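# Secondary and tertiary structure notes
So the chains spell out like this:
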Amino acid sequence: MGRDGSERGRCWKLPHTADVGLAAVAPSAEALLETLSAGFAGLLADRRAVRPREEWPVRVTGAGFVSVMERWLDEQLFLWETRRFLTRRARVDRVTPGAAQGVLLGERYEASRHAQLLAVKAVTKHASRFEEDRDGTWHGRVYLDI
Amino acid sequence: MERGTDESTSISEAEGGLVRQERHGPLLRVGRDIWELPIGHRPGMLVPGRIYGSESLLPGEGEHEAIQQVANVATLPGIVRFSLAMPDFHWGYGFPIGGVAAMRPEDGVISPGGVGFDINCGVRLIATNLSLEEIEPVRKALTDQLFRDIPPGMAEDGPWRLDDAECDRVLADGARCAVERGWGLPEDLARTESGGRMENAEPSGVSVRARARGRGQLGTIGSGNHFIEVQVVDRLLDAAAGRAFGLSRGQVVVMVHTGSRGLGHQVCTDYLEVAEEAAARHGVALVDRQLACAPVRSPEGQAYLGAMNAAANFAWANRQVITHSTRMAFARVLARPAEELGMRLVYDVSHNMAKFEEHEVDGERRTLCVHRKGATRAFPAGHREVPAEYRDVGQPVLVPGDMGTASYVCVGLPDGMALSWGSTCHGAGRRQSRTRARKSLAGVDIRARLAERQITVRARNPRLLAEEATEAYKDVETVVRVLDDLKIARRVARLVPVLVIKG
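Below is a summary of the structure that appears in this document.

Scoring rules and cut-offs
- Residues numbered from 1 in each chain as written.
- Chains lettered and ligands numbered in written order.
- Predicted model: local features only at pLDDT ≥ 70, side-chain atom pairs only at ≥ 80, totals over all residues.
- Heavy atoms only, no water.
- 1 Å grid on protein atoms, 1.4 Å probe; cavity = no way out; pocket = protein on both sides within 12 Å on 5 of 7 lines; lining within 4 Å.
- Points joined across faces, edges and corners; volume = space filled by probe spheres on them.
- Helix = DSSP H or I, 4+ residues; strand = E, 2+ residues; numbered from the N terminus.
- Nonpolar A, V, L, I, M, F, W, Y, C, P; charged D, E, K, R; others polar.
- Pairing = 2+ DSSP bridges.
- Axes fitted to C-alpha atoms, helices over the stretch in contact; angles between N-to-C directions.

### Comments concerning empty space enclosed by the protein
Over the atoms, a rolled probe matching the size of one water molecule traces out where space is still vacant. Taken as a whole and assessed by the stated rule, the structure comprises 6 cavities of 30 Å³ or more. Here the largest cavity is characterised by a volume of approximately 460 Å³. Lining of the largest cavity is provided by 33 residues; of these, H90(B), I97(B), N225(B), H257(B) and H426(B) occupy positions nearest its centre. Elements supplying a minimum of two residues to the lining of the largest cavity: strand 6 (83-93) and strand 10 (227-236) of chain B. Residues that form the lining of the largest cavity fall into these classes: 11 nonpolar, 11 polar and 11 charged. Along its surface, the second largest cavity is lined by 15 residues, and A119(A), K121(A), S223(B), R261(B) and H265(B) are the ones closest to its centre.

So, in structure tokens, the structure goes:
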């Protein structure tokens, strides 16, 4: 998964027979969510062609870090499917076990400029992970239904 | 043993002589194409797992996630007899794809993950009275027309955009609502599973977010493995059943595979959250959060069932609108009224649903909540839920293969009721991940390869062609052969693709 300098973490795809998974590491919870959000955006469309012209505020709540991550990504999917909003990157101001707040930066889909990649149906709860290890590194994992 | 990995063979004495005990990883062979996952495979299993398939269809070494998921499902409260997997089963999330589980309503659970995100994803088959020779001259025009009229991919520009009131009617009445608005024929409903309408649908349980996602998607197929295929009946394997279903050799038919689109996906997402909280409250220990569930008779379980039924109705309305669009596309291109083209719906099956059904358990008739996640009903002749015109033959079962080989029409058989709660496969089943398929086919022009076999393909997203290529799937011939041998579903007709529309 490519980086464009905006993420402070690293994200890569996980194999799955029918669907696709994402894993990421980052130095903080905020950076991890930004990294997963950017990775998710890269599954939906070629992010290099998405200009960060608009900001879309996002605030989600959840019961624990994992639930917060899933709901953030679900919000991103919802904006794509209902508003045709493509994300270039995310800026996450704060993540707690109960909520996350920040913005998605991107623009509306234009068929002439944006190549759609995967059509993601949903963010699953299968084997999701969002946690800090003993060394202070944050690890994330999520599977998407295709 | 055909092939496989991690298997061992031992000979043990049993009544009447020596019995060969074969293993495939943790699976023990208990019949020619029947494998058992012992109850102790993982802690908490309440019943054994049972997998139907030849050894060539089973996961290979290091690919045992799907088998683990069969074991996980066996831990769900109220599960009866077995956690089942059909021959096309593969790694999903929560349930395996191709998984079937029946729960007692009294003490069992309903799991949104056991139905899947694409609630009432399914397949329908539309017959025509056309031959391949008749559509050959208009092949390109027909491809273009279908691609234009039935938007694939992430489309939200379907032909019937719903306001809130109309959305409620679709959620309550399903395909019937679509037919009443002119999207199809009254007789289509009789040839749709459950008449194209689930009772006890609760539109008010479908969130604003779900409605927003589905608002413009009626009449669209989506992406992934969804498709519209124009096919030809290549072989008729059961003449009597074929005749009953209106199929004959050389006949052009149209197969449609799609579901409840974004509306259904969001309903599942919403109720997974509800079910996860309910599971904790009711003391259900989840071995995978995607197995989140609620007791069938709890308020949360009932709320999910109402919303699931509403989303199922949306899916049937979607396939009904697509049926109408398909008829109109054929009529326009062939410049003949659709009625003259004999475009009769053969049947519509659901393969992502939970339904209350009567089955025999320990000699008694019991109502069970049967989850089918990537599995199709296959009820036999005489069953009251088989349409009257097919009741002497059995329920048509539609098994899509991959876009380069073949699909099948089968018919449900009596033995399936005891073996699999009247269930069978939903397709060939994936063998390779999307990434692996793309890598292994890098540089291969899939479109040209299909064209060599006289198959025209049109896809909104070209990279999908490699992901959906023949190599990515199990061998559909083996999948349906296994089901035929087990007497779960008999093969009736083999269909080969001519024209493929993908998302």
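Right, picking up where we left off after that structure.
### Some details on the sheet that holds strand 3 (residues 54-61) of chain A
Residues and elements named next belong to chain A. Ordered in space as 3-5-4, the 3 strands form an open sheet in which the pairing is antiparallel. In the strand order of this sheet, the two ends are held by strand 3 and strand 4 (85-95), each with one partner. Across the sheet, the axes of successive neighbouring strands diverge by a mean angle of 25°, strand direction being ignored. With 8 bridges connecting them, strand 3 and strand 5 (residues 99-108) associate as antiparallel partners. Across the sheet, E55 pairs through a bridge with L105, a residue of strand 5.

### Considerations on the layout of surface pockets
Residue and element names in this part refer to chain B. Of the voids in this model, the largest pocket is the one considered here, and its volume is about 530 Å³. Lining the largest pocket are 23 residues; nearest its centre among them are S194, R197, M198, E199 and N200. Going through the elements one at a time, helix 10 (299-334) and strand 14 (352-361) are the ones with two or more residues in the lining of the largest pocket. The biggest single contributor to the lining of the largest pocket is helix 10, with 5 residues. Broken down by class, the residue content of the lining of the largest pocket amounts to 9 nonpolar, 7 polar and 7 charged.

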